[in-house]
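# Structure assessment
Now for the letters of each chain:
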Amino acid sequence: MTGVQIRGLTVRGPQGVMVEPFDATIAPGRTLAIIGESGSGKTLSAKSLIGLLPRGFRAAGSAVIGDRSLELDAAPAAWTSVRGSTVALLLQDPFTSLSPVHRCGDQIAWTLRAASDRRIAASDLAREVTDRLAEVKLPERVARAFPHQLSGGMRQRVAIAAALAADPKLLIADEPTTALDASNQAEILDLLRAVQARRDLSVILISHDLGLVRGRTDDVLVMQHGVIVERGATGDVLTAPKHPYTRALIDADPVLAPPREASAPESETTPTLVRVTGVTKHFGERTVLDGVDLRIGDGEIVGVVGESGSGKSTLARCIAGLEREDGGVITFAGENLAPGRRSRTPGQMQIVFQDPYSSLNPMMSIGSILREALAVAHRPASDVAVLLETVGLPAEFAGKRPAELSGGQRQRVAIARALAPRPRLLVCDESVSALDVSVQAQILTLLTTLRDDLGISLLFISHDLAVVRLLADSVTVLWDGRVIESGPCEQVLTEPRHEYTRMLVAAAHRENTSVGTGEREE
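Rules behind the numbers
- Note that residues are indexed from 1 along each chain, following the sequence as it is written.
- Whole-chain, interface and lining totals are the exception, using all residues; otherwise, since this is a predicted model, local features are given only for residues with pLDDT of at least 70 and side-chain atom pairs are given and counted only at 80 or more.
- Calculation of side-chain values draws on the structure's entire complement of heavy atoms; hydrogens and water are dropped beforehand.
- The secondary structure listing takes helices from DSSP runs of H or I that are at least 4 residues long and strands from runs of E that are at least 2 residues long, numbered from the N terminus.
- As a reference, a globule follows 2.2 Å times the number of residues to the power 0.38, and the radius of gyration itself is taken over C-alpha atoms.
- Only the protein chains shown count as cover for residues, and all accessible areas are computed by the Shrake-Rupley method using a 1.4 Å probe.
- His is not counted here, nor are the chain ends, while Lys and Arg score as positive and Asp and Glu score as negative.
- A charged residue contributes its charge at one atom only: NZ of Lys, CZ of Arg, CG of Asp or CD of Glu.
- In predicted models, pLDDT denotes the confidence assigned by the predictor to each residue on a 0 to 100 scale.
- The contact criterion used throughout is that any non-hydrogen atoms of two residues lie within 4.5 Å.
- For the purposes of this analysis, a disulfide is any pair of cysteine sulfur atoms at a distance within 2.5 Å.
- Each residue is assigned to one of three classes by its accessible area relative to the maximum for its type, calculated with a 1.4 Å probe on protein chains only: buried under 20%, partly exposed between the two thresholds, exposed over 50%.

## Points about the overall build of the chain
- Of the regular secondary structure elements, the chain holds 18 helices and 20 strands.
- A compact globule built from 522 residues would reach a C-alpha radius of gyration of about 24 Å, and the chain, at 24 Å, matches this within 12%.
- For the C-alpha atoms alone, the extent of the chain along its principal axes is close to 70 × 50 × 45 Å.
- If you sum the accessible surface of the chain, you get close to 22300 Å²; carbon and sulfur atoms cover 50% of it.
- A gap of 5 Å separates the mean positions of the 56 positive and 63 negative side-chain charges of the chain.

## With respect to the confidence of the model for the chain
- For the chain, per-residue confidence averages 88 on the pLDDT scale, and 92% of positions sit at 70 or higher.
- Here helix α2 (residues 94-97) stands out as the least confident element of the chain, with mean pLDDT 70; strand β10 (residues 227-233) is the most confident, with 97.
- Within the model, the stretch residues 262-267 combines pLDDT values under 50 with ten contacts to residues more than four positions away or in other chains.
- Predicted confidence for residues 513-522 stays below pLDDT 50, and this span has 24 contacts to residues more than four positions away or in other chains.

## Section: the state of the cysteines
- According to the stated counting rule, one finds zero disulfides in the structure shown.
- Distance from the sulfur of Cys-428, which forms no disulfide, to the nearest cysteine sulfur (Cys-489) is 15 Å.
- Judged by relative accessible area, which is 1%, Cys-428 ranks as buried.

## Brief notes about the environment of Trp-110
- Among the structural elements, Trp-110 can be located in helix α3 (residues 104-115).
- Using a relative accessible area of 39% as the deciding quantity, one classes Trp-110 as partly exposed.
- Considered as a pair, Trp-110 and Ala-165 are 55 residues apart in the sequence and their alpha carbons are 9.1 Å apart.
- Look past the residues within four positions of Trp-110 in its chain and what remains in contact with it is Ser-99 and His-102.

See below:
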């Protein structure tokens, strides 16, 4: 049988064995999911098959991919001919795999040239690039575009075209849709499945999103601390898990969680903390926000949802003063706020971003980061321990650096830093989208606890409707810079009135409730 056969895959690192030996088989046209929390070893396992382990890590074992036999401890030079033509890697963020200063067509052409043993004429190369774009349902004009000129979903399609240009036998997709909204996720995954079927391609899908795994994979490996704790057909494992760790992952999945009963008062009966009225924002000739209205009550959690490019992050940044709105009015506790950061005080509002590793200085200790925030708020440095305790971290974390923490721990530090000035509003911009489901559930619980204990309000920006449904009291739906629906969260997401909201809900439902049957989709 062709396809992929893995035998005795092992990874060792500076601290010993990081991935215990395991075997796996992937038939042509089939998808194997590897799931587990951060640090479980799933990405290390996948990168062993393409010779891209980090410095200080070494793989052992063997693999047969198509008609090629590989020793996983081969020297780095031996992997040059493997990458692209035998194994291709698709990363989470296409900005990571695409050069921002080269046109998309050129980047696909690089792979085509590298895979060819002869010189390709310019006209033939241009035609081949166009064909590769057509395969991922992109028009010819995309070849002339730079990555920043495309939407997130279009960039990921270009990345897929580039990854598959050399006709590999195995595609490793590492969290390929984490940063995309539900409808774009569904489109990319459906596209991958269709291309896979046409090419009879074997796929390894690395993911922490159980909805994604449930819907579009055939078999699954569940990893915990470098050990495969459960394996089998996806439908069987995720419907009737046998291992406690697998059951814990499923229990933490917000898609499967029951609706949250709002503990906050009804929005219209609480004092208004923030009111946005008729806000507009333009970037050049493009209108990003078009007469947006929004209300956040005292102690209320308000969700804002929409696809990439809908304007939800721009709205959050205008409220926080990180962008200057072109028109409209934003008030805080009844007082008008002028556009820009100068009219905001640290005690009014703070923002927590998606990636805490990007927003935390890697050269500073956690204690130094928090002391700096406390100094701005004129609070004593001794309150570092109080901040850490507030977000559920031990005081000794003050001596660690961001790189020593997990993703969830780093996000708790980012929240602690935001709480230093004792803000009345916390703006969370995709603050849990990159986290594993169990860690995500812990952060959501923390945010709810902070609202209940501190009485703060939250503006929660997300493309994940399941997370918003779990957390928010009310929700506003943005489409193309306009508010098309708003109201109590359960009402809007259970009985949406607008066609666009119904489409978002349907896309999220389709992604998270379908079960892989082992049959390939055309």
